[in-house]
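Here are the chains, one letter per residue:
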Amino acid sequence: PLSLEEVRMLVELFYLPYQHGALAQQLLEHFRWLRANSLSVGVPATAPDACGGRRWRGRARSFQRLCARTCRLHSRLVSMAARALLYDLHPYLWDIRNLLLAASAFILWLGCQSISAPMLLGRDAEPWARRGGLFGELQALLPVGNSCDLFYHPPPLFPSSQLYLLRPLLPLDKVGAEPALEVSQGLQAQLSHAPPLPGRLLGSFLSLSPEYTFVLEDEDGPCGYAAGALHAEGFLQQRDSSWLPAIRHKYPPELGTGGAALGQEAVLFFHAEPLAVPQPVLRRFPSLVQLGTAPRVLDVGASRSLALCLLSALRANGSRGVFCQVSDTDRQQLSFYSKLG
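Residues numbered from 1 in each chain as written. Predicted model: local features only at pLDDT ≥ 70, side-chain atom pairs only at ≥ 80, totals over all residues. Heavy atoms only, no water.

In the nomenclature of an unreviewed UniProt entry, the protein corresponds to OGA GlcNAcase from the organism Pheucticus melanocephalus.

**Points about the environment of G321**
Position of G321 relative to the elements: it lies in the loop between α12 (300-316) and β5 (322-323). Excluding residues that lie within four positions of it along the chain, G321 makes contacts with R284, F285, P286 and S287. (Helix = DSSP H or I, 4+ residues; strand = E, 2+ residues; numbered from the N terminus. Contact = heavy atoms within 4.5 Å.)

**Remarks on the pattern of salt bridges**
This model, assessed by the stated rule, comprises 7 salt bridges. R32 serves as the salt-bridge partner of E137, at 2.6 Å between the closest nitrogen and oxygen. Placement of E137 in helix α5 (residues 133-141) and of R32 in helix α2 (residues 22-36) is noted, with a sequence separation of 105 residues between them. Exposure remark for E137: the relative accessible area of 29% places this residue in the partly exposed category. For R32, a relative accessible area of 37% gives the class partly exposed. For E217, the salt bridge goes to R167, with nearest N and O atoms at 2.9 Å. Here E217, found in strand β2 (residues 213-218), pairs with R167, found in strand β1 (residues 165-168); they are 50 residues apart in sequence, far enough to count as distant. Taken individually, E217 and R167 each receive the classification buried, so the pair is uniform in this respect. (Salt bridge = Lys/Arg side-chain N within 4 Å of Asp/Glu carboxyl O. Buried < 20%, exposed > 50% of the residue type's maximum accessible area, 1.4 Å probe, protein only.)

**With respect to the packing of aromatic side chains**
What characterises a pair of aromatic rings is the spacing of the ring centres plus the angle enclosed by the ring planes. Taken as a whole and assessed by the stated rule, the structure comprises 7 aromatic pairs. Ring geometry for W109 against Y212: centres 5.9 Å apart, planes inclined by 35°, an arrangement best described as tilted. With W109 in helix α4 (residues 83-110) and Y212 in the loop between α7 (197-208) and β2, this residue pair connects regions lying 103 residues apart in the sequence. Geometrically, the ring pair formed by F135 and F151 is edge-to-face, given 6.4 Å between the ring centres and 90° between the ring planes. Placement of F135 in helix α5 and of F151 in the loop between α5 and β1 is noted, with a sequence separation of 16 residues between them. Like F151, F135 is buried. Members of the aromatic cluster, connected to one another through ring pairs, are F106, W109 and Y212. (Phe/Tyr/Trp six-rings, centres within 6.5 Å; stacked < 30°, edge-to-face > 60°.)

**Digging into α2**
A rise of 1.5 Å per residue sets the reference length of α2, with its 15 residues, at 21 Å; its end C-alpha atoms lie 21 Å apart and thus fit the reference within 8%. For α2, every residue scored as buried is listed here: L23, A24, L27, L28, H30, F31, W33 and L34. (Expected span 1.5 Å × (residues − 1).)

**Thoughts on a nonpolar patch on the surface**
There is a patch of nonpolar side chains on the surface, built from V7, V11, Y15 and L16 and spanning about 340 Å² of accessible area. For V11, the location among the structural elements is in helix α1 (residues 4-13). V11 sits in the partly exposed class, given a relative accessible area of 43%. (Patch = residues over 30% accessible without salt bridge, like charges linked within 9 Å, V, L, I, M, F, W, Y side chains within 5 Å. Areas by Shrake-Rupley, 256 points an atom, 1.4 Å probe, with all protein chains shown as cover.)

Shown next as structure tokens:
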């Protein structure tokens, strides 16, 4: 059964609409402070404000631990609570779990960045569009907090106790002589996409825009990704002028006929000319995004957390709109984005 400490956590997360328990208060205080002081991160150890950087990272670790405890509480509630109690409480804890997955990864991402401009936030949403309680206050602190449609989705009919970890791409993920392509193919294999189009497209993001790449993991390893390019026009030009020619040189068309290397379909994909993005799209939506999850990820909340985290990172650096490219024959990707809303 749930322990007394876990029951106490549950009460503190949902104390009163405008009064928080100790755990919720800690989460809010850490998040506010970390967001406000993120520019102190990334300084050399010998710099005058290196102490500030250490303090920031210490509080970031505390925030990560609190988020992880809340995610474990969600998993424990699904596994251990009586069914009647579970179906009463699950929608609230599921919402908080999803939001904290995104907030935790966003803080990790802030610790890897050096944002020179002030963090951009959206215009304040109408009061009726934001919930009360911890969920509403955390939503307001994310850079995309005014995009209310991102935060509302019915909980799954069948709750899952699966634990997830959402994080930015780390330097340790990139190993070998051609890290971006290797990571792309490795993620593709683990995500079990069919057709493997997202895995092939991911390589350009890992090479040219790794700072906006996030990985979703479950107990079996990587199970989802979100990748973005802040300035899509420059990214697409660089992809077509340098990244694609290098890949085509390494994997000539004749490799595809023998089934070697990346496989016939992948090799032919690299040699197909990508479609141009119309200028009106680039002017209105200057950033490019791409997301995907493995078929085993049935909880749309985890996918939504991926989207929230990536969009928050892009918005924090000044993006005012995003678009994605999807083939009209790729039913899996079309279904994935449709479920995200």
